[in-house]
Structure formats: structure tokens, C-alpha cells
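So the chains spell out like this:
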Number of protein chains: 2
Amino acid sequence: MPDSLMTIRQMCDAFDVTPRTLRFYEARELIFPERRGQHRLYDRRDRARLTLILRGKRFGFSLEQIRQLLELYEPGPNNRAQIEATISASRERLTDMERQYAELRGAIEELKDQLIESERRLAAITADDETTG
Amino acid sequence: MPDSLMTIRQMCDAFDVTPRTLRFYEARELIFPERRGQHRLYDRRDRARLTLILRGKRFGFSLEQIRQLLELYEPGPNNRAQIEATISASRERLTDMERQYAELRGAIEELKDQLIESERRLAAITADDETTG
DNA sequence: ACCAAAGTTTACGTTCGCGTAAGCGTAACG
DNA sequence: CGTTACGCTTACGCGAACGTAAACTTTGGT
């Protein structure tokens, strides 16, 4: 079993997705499995892309945004203009992600404060129970 | 103009959303504006909640997840069980968010590496142009 | 008093990200 | 040689998160 090529079922088991999902991503041009006859075969590159797709989804990106992100990881034509465009797009995406990163930190801190406040209130009630009860 | 109460239009302008969106969030019980006659009036609390809603959306949370998150910020009944439940839920959410935070850091680093690689390729082509051209 | 602007409800329409069922090919197993 | 399993395509369905249109009331300005 050459692990360099996987069937759709092996992919589904490995990544916990359905066949429908893989075919859907293919229709949206996010992955490009080979065809052996009618059957799809997924290689290392497809798996790497799928990993990025699923991660992108956890960040709330749309499939279209993810598709554009994936293009940034492609070897691409050694055309200067293309490389420059990729660099520019990468920088923009990086800026967005850094902002989101900072925002998430802020949200975490706020929730932490809220948690501490709840713990304080619980402690107050507990102390009250001990004196009153 | 008492800025403690805002009309739906002022809210839309301030947060860059449509009236439909605000009414939709209200129908889903994410915000609870007062009614002066038939009209809605939004106070500081509504605005605070809307800020959290929009931020949650940027993190890819569903409105239902956000609604549950908002509950954690509510004063809530001083019932011990309720507070304990809130604390427990807050801890779980915090764990998730910390994980997402770390994951985002990883994604940023990967894209950075990719960017550096692109810059290297561009430099190589440029150097090539200078010697060849 | 009147008109336009703004707000309200009701309800159908739309896009995204798949789920799900129908119907067909084919390959392997007993 | 049948049937069982897996995969393929086509296509309709569905919940989320609004957009949009229709019809009505309310409110502010002149």
C-alpha cells in the first residue's frame, strides 16, 4: 500500500470528512486528485492542502478565501509579476491574520477577567453560606 | 442627544450593519433593545453586546455559539449552580480559544516562511535579470 | 395639515457548505 | 453468475445569516 496515494475513503477516515466534502472541495477547485480510471486518488500534496483547508475553516475563512490562500503556497510560474503579486497578497493576508491574532488575545483576556469575576462572586456566596447557614 | 440611547440608524452607521441585521440578532435573542412606542432604542449594553457579536463572527463563531458566549458575560442570577455552570463553560471556551490562538500563530509562521521563500525566488530572478540582461 | 423620511412586520429570496437520495458503473468475493 | 461494496454523477434539500420587497405606521419638518 503506497501511502503516497490514498483512496477517497482512506482520506475520509484520515481527516474525518465525508466523500461529499472532498468532492465538493474539488468542485470548488481547492484540491485536484488524480483519476485512475473513474476513481480519485489523493497524493501528499492533496493531503497538505486539505490540512490547510480544514485549518482555514476553523479560523472562519470562506472556501473561496481559502482557495486564494492556497494559491500563495503554490510553486507558481517563475514569472516576476506573478511572484510579486503573491508576495503582495501574502503580506496583506499576514496583516489580517496578525490583527485577528491580537484581537483573539484581547477576547481571551476579557473572558479571563469575566471568569475571575464569576469566581469572586462564587466565593462571596460561599462565605455567605458559611456565616448564614 | 443622549448618547446612552441610539436609534437603529445610528447603530447601523456606528457599527456598519443593516437594520435587517440588528432585527435579526434581536429575533435570535442576541440583543434586547427597548421599545419606545414601536421603535427600538439601543443602550450601552446593546452596543457592548453588538461589539462582542461582530468580533465573534470574525472568529468564525455561529450566532448560536455567540449567544451562549454572551450569557457568560451576564450578571446572571446569584444562584450558586448557575455561577458554577458559567465558570465551567467559561473555562471550556477559554481552552478552545487558547488552542485557536496557538493554531493561528502557527498559520502565521507558515505563511511568513512562504513569504520569505517567495522573496528569495524573486531575488534570484532579479539577480538573473542583471547578469543575463 | 401634509408629505417625505424613517421605522415596523411579514414573508419570500439568496448564498454558502455541505447532506442525502437516486441511479449507474465496476470490481471483487463467494 | 449474482450480489455486495465502493465510487461516480446529478440533483434536490437544508440550516445559517442575512437581502429584499411589500404594505403599513409613525415622526419630523414646513
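Residues numbered from 1 in each chain as written. Chains lettered and ligands numbered in written order. Predicted model: local features only at pLDDT ≥ 70, side-chain atom pairs only at ≥ 80, totals over all residues. Heavy atoms only, no water.

Asker: Please set out the interface of chain B and chain A residue by residue, giving values where relevant.
Answerer: A common measure of how large an interface is: the accessible area buried when the components associate. Of the residues lining the interface, 44 residues belong to chain B; the matching set on chain A comes to 44 residues. If you look at where chain B meets chain A, you find 10 salt bridges. The salt bridge partner of Glu 119 of chain A is Arg 91 of chain B, with a shortest N-O separation of 2.6 Å. Where chain B touches chain A, the interface holds 14 residue pairs in polar contact (both at pLDDT 80 or more). Elements that contribute at least two residues to the side of chain B that touches chain A include exactly α3 (44–58), α4 (63–72) and α5 (80–132) of chain B. Considering each element in turn, the side of chain B that touches chain A owes the most residues, 31 residues, to α5 of chain B. (Contact = heavy atoms within 4.5 Å. Salt bridge = Lys/Arg side-chain N within 4 Å of Asp/Glu carboxyl O. Polar contact = N/O pair within 3.5 Å; in protein donor to acceptor, adjacent residues only side chain to side chain. Helix = DSSP H or I, 4+ residues; strand = E, 2+ residues; numbered from the N terminus.)

Asker: Pulling in residues and values, what's your account of helix α1 (residues 8–15) of chain A?
Answerer: Residue and element names in this part refer to chain A. Inspection of α1 places Ile 8, Met 11, Cys 12 and Phe 15 among the buried residues, and these make up the whole buried set. The buried residues of α1 all sit within an arc of 100 degrees when viewed along its axis, so they share a single face. Among the exposed residues of α1, those pointing more than 90 degrees away from its buried face are Asp 13 and Ala 14. Buried positions along α1 lie against α2 (19–27), β2 (39–41) and α3 (44–58). (Buried < 20%, exposed > 50% of the residue type's maximum accessible area, 1.4 Å probe, protein only. Arc of directions from axis to C-beta.)

Asker: Tell me about the relation of the copies chain B and chain A, and please be specific about residues and values.
Answerer: Superposing chain B onto chain A takes a rotation of 180 degrees plus a shift of 0.0 Å along the axis, which leaves an RMSD of 0.3 Å. Look at the turn and shift together and you get a two-fold axis relating the two. Closest approach to the rotation axis among the C-alpha atoms of chain B is made by Gly 60 of chain B, whose C-alpha sits 1.9 Å away. (Least-squares fit on C-alpha atoms with pLDDT ≥ 70 in both.)

Asker: Quick rundown of unusual backbone geometry? Include the residues and the values.
Answerer: Residues and elements named next belong to chain A. Even without being glycine, Glu 29 reaches a positive phi, approximately 65 degrees. The topology assignment puts Glu 29 in the loop between α2 and β1 (34–36). For Glu 29, a relative accessible area of 48% translates into the label partly exposed.

Asker: Residue-level account of the UniProt feature "coiled-coil region" (unreviewed entry) in chain A, with values.
Answerer: As annotated by UniProt and renumbered to match this structure, "coiled-coil region" (unreviewed entry) occupies residues 80–128 of chain A. In residues 80–128 of chain A, the share of helix is 100% and the share of strand is 0%. The end C-alpha atoms are 72 Å apart. (UniProt positions renumbered as here; feature names shortened; annotations may be inferred.)

Asker: Could you give an account of helix α5 (residues 80–132) of chain A, naming the residues involved and the relevant values?
Answerer: Between its terminal C-alpha atoms α5 of chain A stretches 77 Å, which fits the 78 Å expected from 53 residues at 1.5 Å a residue. N-cap assignment for α5 of chain A: the residue whose side-chain oxygen lies 2.7 Å from the backbone N of Ala 81 of chain A is Asn 79 of chain A. (Expected span 1.5 Å × (residues − 1).)

Asker: Explain the pattern of salt bridges residue by residue, including any values.
Answerer: Under the definition given, this model contains 32 salt bridges over all chains. One salt bridge in this structure joins Glu 98 of chain A and Arg 105 of chain B, with 3.8 Å as the shortest N-O distance. With one member in each of two chains, Glu 98 of chain A in helix α5 and Arg 105 of chain B in helix α5 form a pair that bridges those chains.

Asker: Explain the environment of Arg 121 of chain A to me, using residue names and the numbers behind them.
Answerer: Inspection of the secondary structure puts Arg 121 of chain A in helix α5. Sequence separation of Arg 121 of chain A and Ile 83 of chain A is 38 residues, and the distance between their C-alpha atoms is 57 Å. When neighbours within four sequence positions are excluded, Arg 121 of chain A is seen to be in contact with Glu 74, Pro 75, Gly 76, Pro 77, Asn 78 and Ile 83 of chain B.

Asker: Hey, could you go over the packing of α3 of chain B against α4 of chain B for me, with residue numbers and the actual values?
Answerer: All names here are of chain B. Across the interface, α3 lies against α4 with an axial gap of 10 Å and an inter-helix angle of 135 degrees. The orientation of α3 with respect to α4, classified from their angle, is oblique. Classified by chirality, the crossing of α4 by α3 is right-handed. Between α3 and α4, the residues in contact are Arg 49, Leu 52, Ile 53, Gly 56 and Lys 57 and Leu 63, Ile 66 and Leu 70, respectively. Taken together, the residues that form the contact of α3 with α4 break down as five nonpolar, one polar and two charged. (Axes fitted to C-alpha atoms, helices over the stretch in contact; angles between N-to-C directions. Parallel < 35°, antiparallel > 145°, perpendicular 65-115°, else oblique. Left-handed = near helix turned anticlockwise from the far one by under 90°. Nonpolar A, V, L, I, M, F, W, Y, C, P; charged D, E, K, R; others polar.)

Asker: Describe in detail the protein's contact with DNA strand C, supporting the description with residues and values.
Answerer: Surveying the vicinity of DNA strand C reveals 18 residues, the closest of which are Thr 18, Tyr 25 and Lys 57 of chain A together with Arg 23 and Arg 40 of chain B. Protein-adjacent atoms of DNA strand C, using a 4 Å cutoff, are sugar or phosphate at a proportion of 68%. The biggest single contributor to the surface near DNA strand C is α2 of chain A, with four residues. A per-class count over the surface near DNA strand C returns four nonpolar, six polar and eight charged. (Near = heavy atom within 4 Å.)

Asker: Which residues make up the domain arrangement of chain A, and what values go with them?
Answerer: All names here are of chain A. Examined at the domain level, chain A breaks down into domain 1 (1–74) and domain 2 (78–133). Centre-to-centre, using C-alpha coordinates, domain 1 lies 29 Å away from domain 2. Contacts between domain 1 and domain 2 engage four residues on the former and six residues on the latter. Among the residues domain 1 hides against domain 2, the three largest losses belong to Phe 61, Leu 69 and Leu 72. Together they make up 79% of the total. Summed over the shared surface of domain 1 and domain 2, the number is zero salt bridges. (Domains from an automatic or database assignment. Buried area = accessible area lost by both parts, 1.4 Å probe.)

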